[in-house]
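# Inside the fold
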Amino acid sequence: MKRVIVLLLVVFGFSVTFAQSSAKKLSEYNLEKRVAIQGYDPVSYFKQNKAIKGKKEIFTTYDGVIYQFSSAANKETFLKSPASFEPQYGGWCAYAMGSVGEKVEINPETFKIIDGKLYLFYNAYFNNTLKSWNKEEVSLKAKADTNWKKIIK
């Protein structure tokens, strides 16, 4: 009987944690109608080294967030390890997160892969923040990591 109670408590605890995690992502991540990366395929950044728009009919939901894919193969790759394809800082501009700790929109075609993680950047009106990020990457990344932890806690 004790084992059943303990098992139920563990399952309930996991469910509550999952629900909190999903709710936090939906409220803090850069999403449009729950869709991540403005519908771009998260796997394409890694496999094709370029931003490719996903197809609305090829999608999956992970932690309440919808991801779209350019191919069924990319979707299958994502499903094997979804967390490894999520953009850093909830899909907000990495430079802005590091420089001022704010959530700023991105251009999904301006990105960088660092240590196997996807970083996205604002790029409009003659302001490509990836260029600024590259000049101070180490310090900006450390600041962005700290700032994002404050937002997502």
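Just so you know, the residues in each chain are numbered from 1, in the order the chain's sequence is written. Where totals are concerned, whole chains, interfaces and linings use all residues; where local detail is concerned, this predicted model gives features only for residues with pLDDT of at least 70, and gives and counts side-chain atom pairs only at 80 or more. Computation of side-chain values: all heavy atoms of the structure, hydrogens and water removed.

On a plain count of helices and strands, the chain comes out with 6 helices and 8 strands. What you see in the chain, going N to C, is helices and strands ordered as α-β-β-α-β-β-α-α-β-β-β-β-α-α. Accessible area is worked out with a 1.4 Å probe on protein chains only. A residue is then buried under 20% of its type maximum, exposed over 50%, and partly exposed in between. Taken across its 153 residues, the chain has 40% of its residues classed as buried. As displayed, the chain has an accessible area near 9100 Å², and 58% of this comes from carbon and sulfur atoms. Helix and strand definitions here come from DSSP, where helices need a minimum of 4 consecutive H or I residues and strands a minimum of 2 consecutive E residues; each element is numbered from the N-terminal end. Accessibility throughout is a Shrake-Rupley quantity obtained with a 1.4 Å probe, and a residue counts as covered only by protein chains that appear here.

For a helix, the expected span equals 1.5 Å multiplied by the number of residues minus one. Compared with the 22 Å implied by 1.5 Å per residue over 16 residues, the 22 Å span of helix α6 (residues 137-152) between its first and last C-alpha is a close match. Taken as a whole, α6 has its buried residues at L140, A144, N147, W148 and I151. Down the axis of α6, the smallest arc covering the buried residues is 105°, so these residues share one side. Among the exposed residues of α6, those oriented more than 90 degrees off its buried face are V138, K149 and K150. Directions are taken from the helix axis to each C-beta atom, and the arc is the one they span.

Another aspect to go through is unusual backbone geometry. A positive phi angle, close to 55°, is found at K33, a residue other than glycine. Within the secondary structure layout, K33 lies in the loop between β1 (31-32) and β2 (35-36). Even without being glycine, D115 reaches a positive phi, approximately 50°. With respect to the element layout, D115 can be found in the loop between β5 (107-114) and β6 (117-121). Judged by its relative accessible area of 72%, D115 falls in the exposed class.

This part is about the side chain of N30. For N30, the location among the structural elements is in the loop between α1 (2-28) and β1. According to the relative accessible area criterion, N30 is buried, its value standing at 9%. Polar contacts involving the side chain of N30 include one to the main-chain carbonyl oxygen of G91, which spans 3.1 Å. The residues touching N30, leaving out its near neighbours within four places in the chain, are V35, A36, I37, G90, G91, W92, E105 and I106. For the purposes of these results, a polar contact is taken to be a pair of N or O atoms within 3.5 Å, where, inside protein, one atom must be able to donate a hydrogen and its partner to accept one; residues adjacent in sequence count only when each atom of the pair is a side-chain atom. Working rule for contacts: check all heavy atoms of both residues, and any pair within 4.5 Å makes them a contact.

Burial within β6 is extensive, with 4 of its 5 residues counted as buried. Note: β5 against β6, 5 bridges, orientation antiparallel. By the bridge assignment for β6, K112 is matched with Y119. Pairing between strands is defined by DSSP: at least two bridges between the two strands are required. Here β5 hands over to β6 after 2 residues, with D115 in that stretch at a positive phi of 50°.

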